[in-house]
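# Per-entry structural report
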Amino acid sequence: MKNSELILLFIAVFAGLGSVGYIYILEPVFNTAALTGDVASRYKEYAALLEKKNELEAKAKQVLSSGYFKPDSQEQLTALSSLAGKIAQNSGIRQIASIYPLTALKKGRYEEIAVQIEMDCTLGSLTKMVHEIETSELPLKVRKLQITGETEDPKIIRVQIEVASLWIQTEEVQNR
(Lines give C-alpha, C1' and ligand atoms only; values in the text may rest on other atoms or scores of the structure.)
Protein backbone atom coordinates (compact mmCIF):
# COMPACT_ATOMS: atom_id res chain seq x y z
CA MET A 1 0.00 0.00 0.00
CA LYS A 2 1.11 3.43 -0.80
CA ASN A 3 1.57 6.09 1.78
CA SER A 4 -1.36 8.18 0.51
CA GLU A 5 -3.65 5.13 0.61
CA LEU A 6 -2.58 4.40 4.15
CA ILE A 7 -3.35 7.96 5.22
CA LEU A 8 -6.81 7.74 3.61
CA LEU A 9 -7.43 4.41 5.40
CA PHE A 10 -6.52 5.93 8.77
CA ILE A 11 -8.73 8.95 8.09
CA ALA A 12 -11.65 6.67 7.14
CA VAL A 13 -11.15 4.47 10.24
CA PHE A 14 -10.92 7.50 12.56
CA ALA A 15 -13.97 9.09 10.92
CA GLY A 16 -15.92 5.84 11.43
CA LEU A 17 -14.79 5.54 15.06
CA GLY A 18 -15.64 9.20 15.62
CA SER A 19 -19.12 8.67 14.14
CA VAL A 20 -19.74 5.59 16.26
CA GLY A 21 -18.52 7.42 19.37
CA TYR A 22 -20.74 10.37 18.62
CA ILE A 23 -23.83 8.23 17.93
CA TYR A 24 -23.48 5.93 20.95
CA ILE A 25 -21.80 8.16 23.52
CA LEU A 26 -22.13 11.90 22.92
CA GLU A 27 -25.59 12.14 21.34
CA PRO A 28 -27.40 10.20 24.12
CA VAL A 29 -25.71 12.36 26.75
CA PHE A 30 -26.77 15.60 24.99
CA ASN A 31 -30.30 14.31 24.31
CA THR A 32 -30.75 13.20 27.91
CA ALA A 33 -29.73 16.62 29.14
CA ALA A 34 -32.01 18.30 26.59
CA LEU A 35 -34.92 15.99 27.41
CA THR A 36 -34.45 16.49 31.12
CA GLY A 37 -34.61 20.25 30.63
CA ASP A 38 -37.58 19.89 28.27
CA VAL A 39 -39.45 17.66 30.72
CA ALA A 40 -38.75 20.08 33.55
CA SER A 41 -40.04 23.05 31.56
CA ARG A 42 -43.10 21.08 30.48
CA TYR A 43 -43.74 20.12 34.09
CA LYS A 44 -43.51 23.79 35.12
CA GLU A 45 -45.96 24.77 32.35
CA TYR A 46 -48.33 21.99 33.41
CA ALA A 47 -48.10 23.06 37.07
CA ALA A 48 -48.85 26.69 36.07
CA LEU A 49 -51.87 25.59 33.99
CA LEU A 50 -53.12 23.44 36.84
CA GLU A 51 -52.81 26.39 39.22
CA LYS A 52 -54.77 28.62 36.79
CA LYS A 53 -57.44 25.92 36.47
CA ASN A 54 -57.81 25.72 40.25
CA GLU A 55 -57.95 29.51 40.50
CA LEU A 56 -60.65 29.71 37.80
CA GLU A 57 -62.68 26.96 39.47
CA ALA A 58 -62.50 28.81 42.80
CA LYS A 59 -63.64 32.06 41.13
CA ALA A 60 -66.47 30.25 39.34
CA LYS A 61 -67.66 28.73 42.64
CA GLN A 62 -67.50 32.16 44.28
CA VAL A 63 -69.48 33.81 41.48
CA LEU A 64 -72.05 31.02 41.21
CA SER A 65 -72.53 30.82 44.97
CA SER A 66 -73.09 34.57 45.26
CA GLY A 67 -76.83 34.14 44.86
CA TYR A 68 -76.80 36.61 41.97
CA PHE A 69 -77.76 34.19 39.19
CA LYS A 70 -81.47 33.40 38.92
CA PRO A 71 -83.36 30.75 36.92
CA ASP A 72 -85.61 33.30 35.18
CA SER A 73 -84.56 36.35 33.18
CA GLN A 74 -87.11 38.60 34.93
CA GLU A 75 -85.79 37.53 38.34
CA GLN A 76 -82.27 38.17 37.05
CA LEU A 77 -83.30 41.66 35.95
CA THR A 78 -84.70 42.35 39.42
CA ALA A 79 -81.44 41.10 40.96
CA LEU A 80 -79.46 43.36 38.61
CA SER A 81 -81.58 46.38 39.59
CA SER A 82 -81.01 45.65 43.26
CA LEU A 83 -77.28 45.08 42.80
CA ALA A 84 -76.83 48.26 40.75
CA GLY A 85 -78.62 50.25 43.46
CA LYS A 86 -76.40 48.73 46.16
CA ILE A 87 -73.25 49.50 44.17
CA ALA A 88 -74.43 53.11 43.73
CA GLN A 89 -75.12 53.47 47.45
CA ASN A 90 -71.78 51.85 48.39
CA SER A 91 -70.06 54.33 46.08
CA GLY A 92 -71.48 57.25 48.06
CA ILE A 93 -74.35 58.15 45.72
CA ARG A 94 -77.38 59.28 47.73
CA GLN A 95 -79.58 60.93 45.09
CA ILE A 96 -80.86 58.16 42.81
CA ALA A 97 -83.81 59.52 40.82
CA SER A 98 -84.80 56.24 39.15
CA ILE A 99 -83.74 52.71 38.29
CA TYR A 100 -85.71 51.02 35.56
CA PRO A 101 -85.21 47.95 33.39
CA LEU A 102 -84.42 48.11 29.69
CA THR A 103 -85.43 45.71 26.95
CA ALA A 104 -83.31 42.55 26.93
CA LEU A 105 -81.19 41.70 23.89
CA LYS A 106 -81.68 38.00 23.13
CA LYS A 107 -78.91 36.03 21.43
CA GLY A 108 -79.42 32.28 21.39
CA ARG A 109 -79.29 30.83 24.91
CA TYR A 110 -78.39 34.07 26.62
CA GLU A 111 -79.85 37.52 27.08
CA GLU A 112 -78.07 40.77 27.76
CA ILE A 113 -80.20 42.46 30.40
CA ALA A 114 -79.71 46.05 31.51
CA VAL A 115 -81.02 48.72 33.82
CA GLN A 116 -80.85 52.48 33.45
CA ILE A 117 -80.07 54.56 36.51
CA GLU A 118 -80.64 58.32 36.68
CA MET A 119 -78.88 60.04 39.56
CA ASP A 120 -77.16 63.17 40.86
CA CYS A 121 -73.67 62.60 42.27
CA THR A 122 -70.14 63.89 42.50
CA LEU A 123 -67.55 62.94 39.92
CA GLY A 124 -65.63 61.00 42.58
CA SER A 125 -68.60 58.83 43.55
CA LEU A 126 -69.42 58.22 39.87
CA THR A 127 -65.83 57.13 39.25
CA LYS A 128 -65.98 54.76 42.22
CA MET A 129 -69.27 53.29 40.97
CA VAL A 130 -67.96 52.71 37.43
CA HIS A 131 -64.81 51.12 38.86
CA GLU A 132 -66.85 48.76 41.09
CA ILE A 133 -69.05 47.73 38.17
CA GLU A 134 -66.18 47.11 35.75
CA THR A 135 -64.02 45.21 38.27
CA SER A 136 -66.84 43.15 39.76
CA GLU A 137 -66.51 39.36 39.90
CA LEU A 138 -69.98 39.23 38.38
CA PRO A 139 -70.51 39.73 34.63
CA LEU A 140 -71.35 43.44 34.78
CA LYS A 141 -70.42 46.27 32.44
CA VAL A 142 -71.24 49.89 31.86
CA ARG A 143 -73.02 49.93 28.53
CA LYS A 144 -73.74 53.67 28.34
CA LEU A 145 -72.80 56.71 30.38
CA GLN A 146 -74.21 60.19 29.89
CA ILE A 147 -73.13 63.10 32.08
CA THR A 148 -74.70 66.57 32.23
CA GLY A 149 -74.08 69.47 34.59
CA GLU A 150 -77.67 70.64 35.05
CA THR A 151 -77.69 71.03 38.86
CA GLU A 152 -77.53 74.04 41.16
CA ASP A 153 -74.40 72.75 42.91
CA PRO A 154 -71.29 72.91 40.67
CA LYS A 155 -69.83 69.84 42.42
CA ILE A 156 -72.87 67.71 41.58
CA ILE A 157 -73.44 66.25 38.12
CA ARG A 158 -76.53 64.62 36.66
CA VAL A 159 -75.80 61.13 35.32
CA GLN A 160 -77.64 58.56 33.28
CA ILE A 161 -75.89 55.18 33.28
CA GLU A 162 -76.81 51.81 31.79
CA VAL A 163 -75.50 48.76 33.63
CA ALA A 164 -75.69 45.49 31.70
CA SER A 165 -75.28 41.85 32.66
CA LEU A 166 -75.87 38.40 31.17
CA TRP A 167 -78.55 35.85 31.88
CA ILE A 168 -77.77 32.40 30.49
CA GLN A 169 -80.64 30.05 29.85
CA THR A 170 -80.07 26.72 31.61
CA GLU A 171 -81.16 23.36 30.22
CA GLU A 172 -84.04 23.19 32.74
CA VAL A 173 -85.50 26.50 31.56
CA GLN A 174 -84.97 25.59 27.91
CA ASN A 175 -86.91 22.30 28.29
CA ARG A 176 -89.98 23.94 29.89
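So, here is what we can say about the structure in this document. (Residues numbered from 1 in each chain as written. Predicted model: local features only at pLDDT ≥ 70, side-chain atom pairs only at ≥ 80, totals over all residues. Heavy atoms only, no water.)

### As for the overall build of the protein chain
When you go through the protein chain residue by residue, the secondary structure sums to four helices and five strands. Moving toward the C terminus, one meets the helices and strands of the protein chain in the order α-α-β-β-β-α-β-β-α. Relative to its full complement of 176 residues, the protein chain shows a buried share of 25%. Contacts in the protein chain between residues at least 24 apart in sequence constitute 63% of all its contacts with a sequence separation of at least 6. Put simply, the protein chain shows about 12,400 Å² of open surface, and 60% of that area lies on carbon and sulfur atoms. (Helix = DSSP H or I, 4+ residues; strand = E, 2+ residues; numbered from the N terminus. Buried < 20%, exposed > 50% of the residue type's maximum accessible area, 1.4 Å probe, protein only. Contact = heavy atoms within 4.5 Å. Areas by Shrake-Rupley, 256 points an atom, 1.4 Å probe, with all protein chains shown as cover.)

### Some points on a nonpolar patch on the surface
Nonpolar side chains collect at one region of the surface, where L6, L9, F10, V13, F14 and L17 lie side by side and expose about 590 Å² of accessible area between them. For L17, a relative accessible area of 55% translates into the label exposed. (Patch = residues over 30% accessible without salt bridge, like charges linked within 9 Å, V, L, I, M, F, W, Y side chains within 5 Å. Salt bridge = Lys/Arg side-chain N within 4 Å of Asp/Glu carboxyl O.)

### Considerations on the nonpolar core
In this structure, L80, M119, M129, L140 and I161 are the most contacted members of the largest nonpolar core, which totals 23 residues. Counting only elements with at least two residues in this core, the list comes to α2 (73-90), β3 (110-122), α3 (123-134) and β5 (156-168). No other element matches α2, which puts seven residues into this core. For L140, the residues in contact, after removing those within four places along its chain, are Y68, L80, L83, I87, I133, A164 and S165. (Core = buried A, V, L, I, M, F, W, Y, C linked by side-chain atoms within 4.5 Å.)

### A few points about α2
The first and last C-alpha atoms of α2 sit 25 Å apart over 18 residues, in line with the 26 Å expected at 1.5 Å per residue. Along α2, the positions that sit buried rather than exposed are S73, Q76, L77, A79, L80, S81, L83, A84, G85, I87 and A88. Residues of α2 that are buried in the fold lie against β1 (95-101), β3, α3, β4 (140-148) and β5. Backbone geometry just downstream of α2 places G92 in the positive-phi region, at approximately 95°. (Expected span 1.5 Å × (residues − 1).)

### Some points on the side chain of S125
Here S125 is to be found in helix α3. Residue class for S125 comes out buried when judged on its relative accessible area of 7%. Beyond its immediate stretch of four places on either side in the chain, S125 contacts S91, G92 and I93.

### With respect to the environment of W167
Relative to the helices and strands, W167 is located in strand β5. Considered as a pair, W167 and R109 are 58 residues apart in the sequence and their alpha carbons are 8.6 Å apart.

### Comments concerning the packing of α2 against α3
Packed helices, taken two at a time, are described by the angle their axes make and the gap between the axes. Remark: α2 packs on α3, axes separated minimally by 8 Å, with the N-to-C direction vectors making an angle of 135°. If you check the angle between α2 and α3, you find them oblique. Considering how the two elements wind past one another, α2 and α3 form a crossing that is right-handed. Taken together, the residues of α3 that come into contact with α2 (itself represented by A84, I87, A88 and N90) are K128, M129, E132 and I133. Partitioning the contact of α2 with α3 into residue classes produces five nonpolar, one polar and two charged. (Axes fitted to C-alpha atoms, helices over the stretch in contact; angles between N-to-C directions. Parallel < 35°, antiparallel > 145°, perpendicular 65-115°, else oblique. Left-handed = near helix turned anticlockwise from the far one by under 90°. Nonpolar A, V, L, I, M, F, W, Y, C, P; charged D, E, K, R; others polar.)

### A word on the side chain of S81
If you trace the backbone, S81 turns up in helix α2. With near-sequence residues (within four places) excluded, S81 lies in contact with I99 and V115.

### What about the pattern of salt bridges?
Scanning the model with the defined rule gives five salt bridges in all. Linking E112 and K141 is a salt bridge whose minimum nitrogen-to-oxygen distance equals 3.3 Å. Of this pair, E112 sits in strand β3 while K141 sits in strand β4, placing them 29 residues apart in sequence. Given the relative accessible area of 15%, E112 is considered buried. One salt-bridge network, in which partners are shared between bridges, spans E112, K141, R143 and E162.

In short, the description is geometric, and any link to function would need to be established separately.
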